[in-house]
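Fold and geometry: a report
Below, each chain spelled out in residue letters.
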Amino acid sequence: MISVENTIRLIKENIPQREIEFVDLMDSLKRVLAEEIISPANSPSVNNSAMDGFAVRWHDLEKSSDETLRFSIIGESRAGYPFNGKMTADSAIRISTGAVVPLDADCVIPIEKCRVENNYIETQKNHKKNQHIRFAGEEFKKGQKLLDCGTQIGSAQIALLASLGFGSIKVYKKPLVSIITTGSELIPFSEKAEIYQLHDSNTPMLISAIAEAGGSVAKTFHAEDDFEQTKKVIEYATKKSQVIITSGGVSVGIHDHVRDAALELGFTELFWKVNQKPGKPMFMGKKDSLLLFALPGNPVSAFMCFKHYVRPLLQNIFGLPFDWPVIKASAKTEIKNKSNRKQFIRIRLLEVDGEKIVEPLHLQGSHMPSSIAHADGYLMLFEGQEIKANTITTVYLF
Ligand code: AMP
Ligand code: MG
């Protein structure tokens, strides 16, 4: 039996190489950049107005000895239609927010500071050179780094990239995962189960959990509790995926064939049986760069093993750090691990007076799927560990 810590170490030592692909910008949400984004242009690209008003030449204001000035409106620069003419002495160009500031102009007077009369404006002298102008390149310059490699793309990053005309970007490929369920008692969840049968809940759980972790499901397979059939589906899956996840059939029963089948197909054992509860029978094998995680069939065990071991691995291939979403919260009551194995204790988070409080679920049985569906996450307590009431502890979030 191997410890939880050594299990993590072995997984980290065997992470497959990340691969890279181009995706269209509109398909890049949540993906992780495999390149630095360098700006192809200045931002803004030209001087433009920060206000609705009138663009004038500062010199015309500066030279005047009067306090009230008069300019004649000789044109307009509006969104999409710049003013391309020449400005003359004491002229003003009507301008909209965001519109191009004419080349000759170096002062924008907000409309609120003008009295507009036919083709003239009157305004006071108290303005400043360059006021209300957004200058070309003031945000960033052509050639400047805008996004780091490893940035996860959200709608804000899509906005930035679209503003610069990026049609596609380089991202890390999603890990390609196959799912194999084993068990002669299983039927698809959408069919009516006889009393001696069980709905396969691990396939839909794994499909969703893989998607949440950034993976892509290559194919799903099912094998009866039969050695040859188990071997055959693992062999199929081998050709289709970077990671294979099996569920069930990995314990010590006479109908558990996954480990033997994997070994016979040339997988090397990285570990079998982890000192944890739930999820003890977990096995991991490797064939070239292909990884096989054999999770226990029990839905709670399969889910917990996925969250703690497979999720960070898939996330890492996807381009993110090998990590868990954790927060600190205060234990409501004393929480004790009475078992002689490391335990994943499923908890609920409550909010009391703005403070996050941890409450362990009453029902912790590894055969009880409500213990994950009603939980927000889990604590990891070593054998015999006790957390006193009102102490701060680390919560692993689902
Ligand atoms: P096993 O690890 O094959 O001994 O399975 C442990 C328990 O989990 C048994 O009660 C199985 O019926 C159940 N089980 C196995 N695979 C699944 C599955 N895909 N969906 C739901 N329950 C399962
Ligand atoms: Mg089974």
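First, a word on scope: everything that follows refers to the structure included in this document. (Residues numbered from 1 in each chain as written. Chains lettered and ligands numbered in written order. Predicted model: local features only at pLDDT ≥ 70, side-chain atom pairs only at ≥ 80, totals over all residues. Heavy atoms only, no water.)

Points about the layout of surface pockets
Quick note on the threshold: Put simply, the grid is 1 Å and covers the protein atoms alone, a cavity is a trapped set of points that fit a 1.4 Å probe, a pocket is an open set with protein on both sides within 12 Å along at least five of seven lines, and lining residues have an atom within 4 Å of a point. Grid points are joined across faces, edges and corners, and a volume is the space filled by probe spheres set on the points. Elements are defined by DSSP. Helices are runs of H or I of four residues or more, strands are runs of E of two residues or more, and each kind is numbered from the N terminus. Note on residue classes: Ala, Val, Leu, Ile, Met, Phe, Trp, Tyr, Cys and Pro are nonpolar, Asp, Glu, Lys and Arg are charged, and everything else, Gly too, is polar. Note: domain ranges come from an automatic or database domain assignment.
Of the pockets and cavities examined, the largest pocket occupies roughly 520 Å³. Taken together, 32 residues line the largest pocket, and the ones lying closest to its centre are Gly248, Pro296, Gly297, Asn298 and Pro299. Among the elements of the structure, β13 (176-182), β15 (198-200), α7 (299-318) and β24 (342-352) are those that each provide at least two residues to the lining of the largest pocket. For the lining of the largest pocket, the class distribution of residues is eight nonpolar, 17 polar and seven charged. Residues lining the lining of the largest pocket come from more than one domain, with at least three contributed by each of domain 1 (4-18 + 174-318) and domain 4 (326-397).

Observations regarding the pattern of salt bridges
We apply this condition: Any Lys or Arg side-chain nitrogen located within 4 Å of an Asp or Glu carboxyl oxygen qualifies as a salt bridge. Exposed residues in this analysis have more than 50% of their type's maximum accessible area, buried residues have under 20%, and partly exposed residues fall in between, with area computed by a 1.4 Å probe over protein chains only.
One pass over the structure, following the stated rule, counts 20 salt bridges. Close ionic contact of lysine 86 with aspartate 104 constitutes a salt bridge, the shortest N to O distance being 3.4 Å. Placement of lysine 86 in the loop between β5 (68-77) and β6 (91-95) and of aspartate 104 in the loop between β6 and β7 (107-110) is noted, with a sequence separation of 18 residues between them. Accessibility expressed as a relative area gives 64% for lysine 86, which makes it exposed. Between glutamate 117 and arginine 115 there is a salt bridge, with the nearest N and O atoms lying 3.1 Å from each other.

Remarks on helix α4 (residues 202-212)
The test is simple: For this quantity, the arc is that covered by the directions from the helix axis to the C-beta atoms. Note on contacts: a residue pair is in contact if any heavy atoms of the two residues lie within 4.5 Å.
For α4, the complete set of buried residues consists of Asn202, Thr203, Met205, Leu206, Ala209 and Ile210. For α4, the buried positions fall inside an angular range of 160 degrees around the axis, keeping them on one side. Across α4 from its buried face, at more than 90 degrees, point the exposed residues Ala211 and Glu212. Where the residues of α4 are buried, they touch β13, β15, β16 (216-223), β17 (243-247), β21 (290-295) and α7. At the exit of α4 stands glycine 214, carrying a positive phi of roughly 90 degrees.

What to know about the pairing of strand β9 (residues 120-124)
Heads up, the rule is: Two strands qualify as a pair provided that DSSP identifies no fewer than 2 bridges between them.
Burial along β9 is one-sided: Ile121 and Thr123 are buried, and none of Tyr120, Glu122 and Gln124, which face the opposite way, are. In terms of strand pairing, β5 meets β9 through five bridges, oriented antiparallel. Across the sheet, the residue bridging to arginine 70 is glutamate 122, located in β9. The pairing of strand β8 (residues 114-117) with β9 spans four bridges and is classified as antiparallel. Within the sheet, the bridge partner assigned to valine 116 lies in β9 and is isoleucine 121.

Things to note about the packing of helix α1 (residues 4-13) against α7
Selection rule: Every axis corresponds to a line fitted to the C-alpha atoms, with the helix fit spanning only the stretch in contact, and the corresponding angles, defined between N-to-C directions, vary from 0 to 180 degrees. The scheme is simple: roughly parallel for angles under 35 degrees, roughly antiparallel for over 145, roughly perpendicular for 65 to 115, oblique for anything else. Two helices that cross are described as forming a left-handed crossing if the nearer one is turned anticlockwise from the farther one by less than a right angle, and a right-handed crossing if clockwise.
It is at 11 Å that the axes of α1 and α7 come closest, and there the two elements cross at 20 degrees. Between α1 and α7, the interaxial angle falls into the category roughly parallel. The two elements α1 and α7 meet at a crossing, and its hand is right-handed. Along the contact surface, α1 presents Val4, Thr7, Ile8 and Ile11, while α7 presents His308, Tyr309 and Leu313. For the contact of α1 with α7, the per-class residue count stands at five nonpolar, two polar and no charged.

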